[in-house]
Amino acid sequence: MAAALAAATEDRIVYDLAGIGRSLDTLRAELPGVQVRFALKACPLDEVLGVLARRGAGVDAASPGEVEQALRAGVPAGRVHYGNTVKSDRHIAEAYRLGVRTFATDSAEDVAALAVHAPGARVFCRVATGGAGAVWGLSNKFGCPPEDAVDVLARARDAGLVPAGLSVHVGSQQMTGEAWHAAVDDLGDVLRALDRRGIRVDHVNLGGGLPALGYRDRRGALLDPPLDKIFRVIREGTDELRRVHGGPLDFVVEPGRHLVADHGAIRAHVTRLAERRGAGGERQYWLYLSCGKFNGLYEMDALQYPLHFPGHTAGPRVPAVVAGPTCDSDDAYSHEEGLVRVPAALASGDPVWVLSCGAYATSYTTLGFNGFAPLPHAWADRPEGTGADG
Ligand SMILES: Cc1ncc(COP(=O)(O)O)c(C=O)c1O
C-alpha cells in the first residue's frame, strides 16, 4: 500500500485487494461456520466484490442496483439477500426477477408487499437494537421491537412466505462486545416466543457493525475496538442461540467497513496550510486538503482518519483544523476538539496520505460538488497502467 501511495503522482484512492481478501479469511477463522455476506454499500467496486465472491462470500444488497452489481461481479443469486427493510413494490419485484429469494422485513406493510411481489420468498425479521456503543447507532429507522417480530413473521407465514430468520444490526463501528450480548439476549427471547407460536426459523443474521481498527475519534485518539472480545461474544452468542432454538440454526454476518476500511487509503495533496484569525480574534491554523467530506471522507464529521505526510517526518508541527477543498463549512474535522498536529512546512501540492478510509469512501462521494471530481481508484497490488485504474 505504501509503495502504491508513494508512486501516485495524482490524487486517487488506493485499495489493497489482497488485504481485503485476508480480512475475510481472518473473519471466517474467528467465526467458523458463519456465512459472510459483504454489505456492498461499503465499497461498491466490482473488483472488491470479485475478490470476496471468489472466496465464497455473498452480498447484503439494499436495492435492485446493488443486486445487479453483485450478480455482474460473479456472486451467485443464492448468496445475495435483500437486507434493506425499506423497499417499494417495484424494487421487490425487480430483485425477485433477478433471482433474490431472501428478504429482510420489519413491518406488516412490507410483508404484504413481499407476498405479492416475491411470492414464496424467505423473509427474516430485523429486530431493533439501541445502538449504544456504536459510532453510528442505526437505532431508529430499522427493525421492530422483539415482541413485534413474532407477529411480523406470523403474518409472513400466513401470507405464504417462509418465515426464515431474524436479524439485528448493533450499529456501525460498534465498539463494545456488550452490544452483541444484548442483541443475543433479545434474539433468544424472540426465538422462544416464535417456538411457542410454532414458527421455526433456520437462520440468524447478526448484521454488520464489526469495527475497523485504524480510525481515530473526533479528538484524534485511536478508537482501538476490543475485536477479540467482540468475536468471543459472537461465538458464545451463536452457541447460546443454537441451545435456545434446540435445532439446526445457521448464522450470517454482513460486515461492511470491517472488511474494507483499513485496506483503502487516499493519496491526496495539500491545498494550503494557512494561519488566520477567527471571528473571536483567535489565531488558528487550517490545513486544507484536496479531498474532504464530498469526495471520499464523508464520515469526517464523526471520525478522524490518520494522516501521513511523506517527506515531512522531522521538523516543527502546528495544531490545525483539517478541512476539505470545497466552499462548504461542513467539509472539516471538528474545530472545537479535533486539532491535528501537522508539519509547519507543508506547502501547496505536497502529498498527504489519508489512511483507513476504504469504507464508504467511493459510495458516499458526490458527483463533483463544487467541481471536485470523485477520486479515481487504483489497486495496491496490481501495477498501474494495466487497465486496473478506475
Ligand atoms: C442491513 C445492513 N447490514 C450491514 C451494514 C454494514 O454495516 P457496517 O459497515 O457497520 O458493517 C449496514 C450498514 O448500514 C446495513 O444497513
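Rules of the game
Residues numbered from 1 in each chain as written. Predicted model: local features only at pLDDT ≥ 70, side-chain atom pairs only at ≥ 80, totals over all residues. Helix = DSSP H or I, 4+ residues; strand = E, 2+ residues; numbered from the N terminus. Rg over C-alpha atoms; globule rule 2.2 N^0.38 Å. Buried ≥ 20, exposed ≤ 12 C-beta atoms within 10 Å, placed from the backbone. Contact = placed C-beta atoms within 7 Å. Domains from an automatic or database assignment. Nonpolar A, V, L, I, M, F, W, Y, C, P; charged D, E, K, R; others polar. Axes fitted to C-alpha atoms, helices over the stretch in contact; angles between N-to-C directions. Parallel < 35°, antiparallel > 145°, perpendicular 65-115°, else oblique. Left-handed = near helix turned anticlockwise from the far one by under 90°. Near = placed C-beta within 6 Å. Core = buried A, V, L, I, M, F, W, Y, C linked by C-beta atoms within 7 Å. Expected span 1.5 Å × (residues − 1). UniProt positions renumbered as here; feature names shortened; annotations may be inferred. Pairing = 2+ DSSP bridges.

Right, let's get into the overall build of the protein. The helix and strand tally for the protein stands at 10 helices and 18 strands. Against the 2.2 N^0.38 benchmark of 21 Å for 390 residues, the protein shows a C-alpha radius of gyration of 22 Å, consistent with a compact globule. Residue burial in the protein is summarised as follows: out of 390 residues, 49% are buried. For the protein, the share of sequence-separated contacts (at least 6 apart) that also reach a separation of at least 24 residues comes to 72%.

What follows is about unusual backbone geometry. Unlike most non-glycine residues, Tyr 360 shows phi in positive territory, near 60°. Note on placement: Tyr 360 falls in the loop between β17 (351–354) and β18 (377–379). Residues other than glycine seldom take positive phi values, yet Asn 370 does so here, at roughly 60°. For Asn 370, a count of 13 C-beta atoms within 10 Å gives the class partly exposed.

This part is about the domain arrangement of the protein. Entries for the protein in the domain assignment read domain 1 (17–260) and domain 2 (262–379). Taken together, the elements giving at least two residues each to the side of domain 1 that touches domain 2 come down to α2 (17–30), β7 (134–136) and α10 (257–260). Here the side of domain 1 that touches domain 2 gets 4 residues from one element, more than from any other, and that element is α2. A breakdown of the residues in the side of domain 1 that touches domain 2 according to their chemical character gives 12 nonpolar, 5 polar and 7 charged.

In this section: the packing of α2 against helix α3 (residues 46–54). Remark: α2 packs on α3, axes separated minimally by 9 Å, with the N-to-C direction vectors making an angle of 40°. In terms of axis orientation, α2 runs oblique to α3. In this structure, α2 meets α3 at a crossing whose hand is right-handed. In contact with Leu 17, Ile 20, Gly 21 and Leu 24 of α2, α3 contributes Glu 47, Val 48, Val 51 and Leu 52. Looking at the contact of α2 with α3 residue by residue, the classes come out as 6 nonpolar, 1 polar and 1 charged.

All right, on to the environment of Ala 108 then. Relative to the helices and strands, Ala 108 resides in helix α6 (residues 108–117). Taking C-alpha positions, Ala 108 is 9.9 Å from Ala 154, a pair spaced 46 residues apart along the chain. When sequence neighbours within four positions are dropped, the list of residues in contact with Ala 108 reads Val 152 and Arg 155.

A separate point is the site of the ligand. Neighbouring residues of the ligand: 15 residues in total, closest Ala 39, Ser 172, Gly 208, Gly 256 and Arg 257. A per-class count over the shell around the ligand returns 4 nonpolar, 8 polar and 3 charged.

Grouped together as the largest cluster of nonpolar side chains are 115 residues, with contacts concentrated most on Val 123, Leu 187, Leu 287 and Val 354. The element contributing the most residues to this core is helix α8 (residues 177–196), with 8 residues. Built from parts of two domains, this core gets at least three residues from each of domain 1 (17–260) and domain 2 (262–379). For Val 123, the contacting residues outside a window of four places in its chain are Phe 103, Thr 105, Val 111, Leu 114, Ala 156, Leu 161, Val 162, Pro 163 and Ala 164.

Turning next to helix α7 (residues 146–158). With 13 residues, α7 extends 19 Å from end C-alpha to end C-alpha; this agrees with the ideal 18 Å at 1.5 Å per step. When we look at burial in α7, the residues that qualify are Pro 146, Ala 149, Val 150, Val 152, Leu 153, Arg 155 and Ala 156. Looking at the buried residues of α7, the elements they touch are β5 (102–105), α6, β6 (122–126), β8 (162–167) and α8. Looking one or two places after α7, you find Gly 160, whose phi comes out positive at around 85°.

Once that is clear, we can look at α3. Among the residues making up α3, those that are buried are Val 48, Leu 49, Val 51, Leu 52 and Ala 53. Those residues of α3 hidden inside the fold are in contact with β1 (12–15), α2, β2 (35–39), β3 (58–61), α4 (64–72) and α10. Downstream of α3 by a residue or two, Gly 56 has a phi angle that is positive, lying close to 95°.

Here, UniProt's "domain: Orn/DAP/Arg decarboxylase 2 N-terminal" (unreviewed entry) annotation points to residues 19–261. Counted over residues 19–261, helix gives 43% and strand 16%. Its end C-alpha atoms are 10 Å apart.

Let's shift gears to the pairing of β8. The buried count for β8 comes to 5 of 6 residues, which makes it a mostly enclosed element. Sheet analysis places β6 next to β8, joined by 5 bridges and oriented parallel. The partner of Phe 124 across the bridge, within β8, is Gly 165. Sheet topology places β8 next to strand β10 (residues 203–205); 3 bridges connect them, and they run parallel. From the neighbouring strand, Gly 165 faces β10, where its bridge partner is His 203.

A word on the packing of helix α5 (residues 89–97) against α6. Packing of α5 against α6 leaves a shortest axis separation of 9 Å and a crossing angle of 45°. The angle between α5 and α6 places the two elements in the oblique class. Viewed along their axes, α5 and α6 form a crossing whose handedness is right-handed. Residues Asp 89, Ile 92, Ala 93 and Tyr 96 of α5 form the contact with α6, whose participating residues are Ala 113, Leu 114 and His 117.

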